[in-house]
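Structure at a glance
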Amino acid sequence: MDETEYDGPRHRRVGLVRRVGCLPLLAAALVSTLLMVITVKMLESPTLWRSAPAQGLAWPDTIPVPTGPEPTEWPTEQPIEPPPTPTDVPPPPQTLKYEAEDASVWRGAVESNHTGYTGSGFVNYENTSGSFVQWTFDAVRPGRVTVRLRYANGTPANRPMDIVVNGQVGSAGLPFEATGAWTNWRVRAVDVDLSAGANIIRVVAKTSDGGPNVDYLEIRY
Ligand code: GCU
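Summarised in this report is the structure supplied together with it.

What counts as what
- Residues numbered from 1 in each chain as written.
- Predicted model: local features only at pLDDT ≥ 70, side-chain atom pairs only at ≥ 80, totals over all residues.
- Heavy atoms only, no water.
- Helix = DSSP H or I, 4+ residues; strand = E, 2+ residues; numbered from the N terminus.
- Contact = heavy atoms within 4.5 Å.
- Salt bridge = Lys/Arg side-chain N within 4 Å of Asp/Glu carboxyl O.
- Buried < 20%, exposed > 50% of the residue type's maximum accessible area, 1.4 Å probe, protein only.
- Near = heavy atom within 4 Å.
- Polar contact = N/O pair within 3.5 Å; in protein donor to acceptor, adjacent residues only side chain to side chain.
- Areas by Shrake-Rupley, 256 points an atom, 1.4 Å probe, with all protein chains shown as cover.
- Nonpolar A, V, L, I, M, F, W, Y, C, P; charged D, E, K, R; others polar.
- Pairing = 2+ DSSP bridges.
- Core = buried A, V, L, I, M, F, W, Y, C linked by side-chain atoms within 4.5 Å.

Section: the environment of Tyr117
- Assignment of secondary structure puts Tyr117 in the loop between strand E3 (108-111) and strand E4 (122-125).
- Along the primary structure Tyr117 and Trp185 are separated by 68 residues, whereas in three dimensions their C-alpha atoms are 7.6 Å apart.
- Apart from the residues within four sequence positions on either side, Tyr117 is in contact with Ser112, Phe122, Arg150, Trp185 and Asp215.

Laid out in structure tokens, this is it:
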């Protein structure tokens, strides 16, 4: 048998394999070339990727602002007042009354033989200097308050007394003038400074006549 007859088909098979093996490379090269061509064309073509100015359209120089009437005046700002806090609200006024017959008495007596008093009676000061009525109480709040003393003086003579607040003479020799009768009652007002908490007000007769008859002490806060 001739060897070339056998070699022929083998050579043809080898050539076919080689040719088929080149096809993918050729296809890839073709596709790559096509893609490159398309890319170059796109970059060169303004209609494909450039925007309006490249197509002959002009960009607007300014952005149009809606027209309308200009505000002639801005509204003035109104200050906002904070709501008052509880500490800003003054407490309601109040009056507290302390009867003389319920207080401490030095050289005096609780009596009720002259009408017009409040409570159960009044204090008759002994006719001696230094006799006193003393009230101890808790202040509603510290500070200056008006104290009112209701009294009767059936004599024609003034019966002055000291107003002593927590050991300090607040008012010395405060006059308690005649009221015309022991049944005529009058109020003497005087301002004093109270401390926070407990306070002591002592009302001391300054003459040997002693004090007037005293009905009560009242404090107005
Ligand atoms: C009279 C009066 C008393 C008064 C006394 C006085 O006695 O009846 O109420 O206290 O005089 O001078 O103080």
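Considerations on the pattern of salt bridges
- Scanning all chains against the criterion turns up six salt bridges.
- In this structure, Arg150 engages Asp215 in a salt bridge whose closest nitrogen and oxygen atoms are separated by 2.7 Å. You can see Arg150 sitting in strand E6 (residues 143-152) and its partner Asp215 sitting in strand E11 (residues 213-220), a full 65 residues away along the chain. The exposure classification of Arg150 matches that of Asp215, with both residues buried.

Details of the site of the ligand
- By nearness alone, every residue bordering the ligand is listed as His114, Asn124, Asn127, Arg159, Trp182 and Asn213.
- Here His114 contributes a side-chain N or O atom positioned 2.8 Å from an oxygen atom of the ligand.
- Here an oxygen atom of the ligand and a side-chain polar atom of Asn124 are 2.5 Å apart.
- Coverage of the ligand by the protein amounts to 73% of the 310 Å² it exposes when considered alone.
- Of the residues belonging to the shell around the ligand, the class tally is one nonpolar, four polar and one charged.

With respect to unusual backbone geometry
- The backbone of Arg107 shows a phi angle near 55 degrees, a positive value even though the residue is not glycine.
- Even without glycine at this site, Asn166 takes up a positive phi of about 50 degrees.
- Looking at the secondary structure, you find Asn166 in the loop between strand E7 (161-165) and strand E8 (168-174).
- According to the relative accessible area criterion, Asn166 is partly exposed, its value standing at 33%.

Re the pairing of E4
- Relative to E4, E3 runs antiparallel, the two sharing four bridges. Bridge pairing links Glu111 to Phe122 in E4.
- Pairing of E4 with E11 involves two bridges; the strand directions are antiparallel. Note on E11: the bridge partner recorded for Val123 is Val214.

Topic: the nonpolar core
- Core analysis: the largest hydrophobic core is formed by 27 residues, its most contacted members being Trp135, Ile163, Val192, Leu194 and Ile201.
- Those elements that place two or more of their residues in this core are E4, strand E5 (132-138), E6, E7, strand E9 (186-194), strand E10 (198-205) and E11.
- Here this core takes four residues from E6, the largest share from any one element.
- Setting aside its immediate chain neighbours within four residues, Leu194 contacts Phe137, Ala139, Arg141, Pro142, Gly143, Val145, Val165, Asn199, Ile201, Ile219 and Tyr221.

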